[in-house]
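In case you want the letters, here they are:
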Amino acid sequence: VCLSYGPLQNWEFLFYYGFCPQANPHDRLIINVDLPDDESTAEKEVVLQLQGIPTELALRPRGALPEASESWAAMRSLPPQLLRCFRVLLGQIQDLDVDAAPGEGGMLELDLQCLDATQ
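Rules and cut-offs
- Residues numbered from 1 in each chain as written.
- Predicted model: local features only at pLDDT ≥ 70, side-chain atom pairs only at ≥ 80, totals over all residues.
- Heavy atoms only, no water.
- Core = buried A, V, L, I, M, F, W, Y, C linked by side-chain atoms within 4.5 Å.
- Buried < 20%, exposed > 50% of the residue type's maximum accessible area, 1.4 Å probe, protein only.
- Helix = DSSP H or I, 4+ residues; strand = E, 2+ residues; numbered from the N terminus.
- Contact = heavy atoms within 4.5 Å.
- Axes fitted to C-alpha atoms, helices over the stretch in contact; angles between N-to-C directions.
- Parallel < 35°, antiparallel > 145°, perpendicular 65-115°, else oblique.
- Nonpolar A, V, L, I, M, F, W, Y, C, P; charged D, E, K, R; others polar.
- Phe/Tyr/Trp six-rings, centres within 6.5 Å; stacked < 30°, edge-to-face > 60°.
- Patch = residues over 30% accessible without salt bridge, like charges linked within 9 Å, V, L, I, M, F, W, Y side chains within 5 Å.
- Areas by Shrake-Rupley, 256 points an atom, 1.4 Å probe, with all protein chains shown as cover.
- Salt bridge = Lys/Arg side-chain N within 4 Å of Asp/Glu carboxyl O.
- Lys, Arg positive; Asp, Glu negative; His and termini not counted.
- Charge placed at Lys NZ, Arg CZ, Asp CG, Glu CD.

The next point concerns the nonpolar core. The biggest cluster of nonpolar side chains holds 19 residues, and the ones touching the most others in it are Val33, Val88 and Leu96. Secondary structure elements with two or more residues in this core: α2 (41-51), α3 (80-90) and α4 (108-117). In contact with Val33, other than residues within four places in its own chain, are Thr55, Leu57, Leu82, Cys85, Phe86 and Leu89.

Okay, structure coming up:
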């Protein structure tokens, strides 16, 4: 006998069935990044749209089937789209290179600010 619950996230398992699997490749965390209410909001919104940078991102644990030792904390670095989004929100538009590799092209200080903003 094989029973399949389908591709559910852990909150769905808990809500509907009362348990959570320890390793779930379908689990994800949705992050909605709100734009700040200041004078540069419109400019930053335009840059996000022109660069195709989303403000809603889904984070997933590493690997198809994460090991028991892996969790959300094991992600260690920002996903590229989240880093690009934070660069626009935290940086100065005129000095911005959203596509630079992390820490390169004078982006190290801003990238460290972006990393700090996630904690």
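Looking now at the packing of α3 against α4. A pair of packed helices can be characterised by two numbers: the angle between their axes and the separation between those axes. Contact geometry for α3 and α4: axes closest at 9 Å, N-to-C directions at 105 degrees. On the basis of their axis angle, the class for α3 and α4 is roughly perpendicular. Seen from α3, the contacting residues are Leu83, Phe86, Arg87 and Leu90; seen from α4, they are Leu110, Asp111, Gln113, Cys114 and Ala117. The residue inventory of the contact of α3 with α4, partitioned by class, reads six nonpolar, one polar and two charged.

Attention now goes to the environment of Leu82. As for its placement among the helices and strands, Leu82 is situated in helix α3. As for Leu82 and Ala58, which are separated by 24 residues in sequence, their C-alpha atoms are 9.5 Å apart. Excluding its chain neighbours within four sequence positions, the residues that come into contact with Leu82 are Ile31, Val33 and Leu57.

Bringing the packing of aromatic side chains into the picture now. Under the counting rule described, the total for this entry stands at seven aromatic pairs. Taken together, a centroid distance of 5.8 Å and an interplanar angle of 75 degrees make the contact between Tyr5 and Phe13 edge-to-face. Judged by its relative accessible area of 34%, Tyr5 is partly exposed. Between Phe13 and Phe19, the aromatic rings sit 5.5 Å apart at their centres with planes inclined by 40 degrees, giving tilted as the arrangement. A residue is classified by how much of its surface remains accessible, and Phe19, at 33% relative accessible area, is partly exposed.

Let us now look at a negative patch on the surface. Residues Asp34, Asp37, Asp38 and Glu39 make up a contiguous surface patch of negative charge. By secondary structure assignment, the location of Asp34 is in the loop between β1 (29-32) and α2. On the basis of relative accessibility, which here comes to 67%, the residue Asp34 falls in the exposed class.

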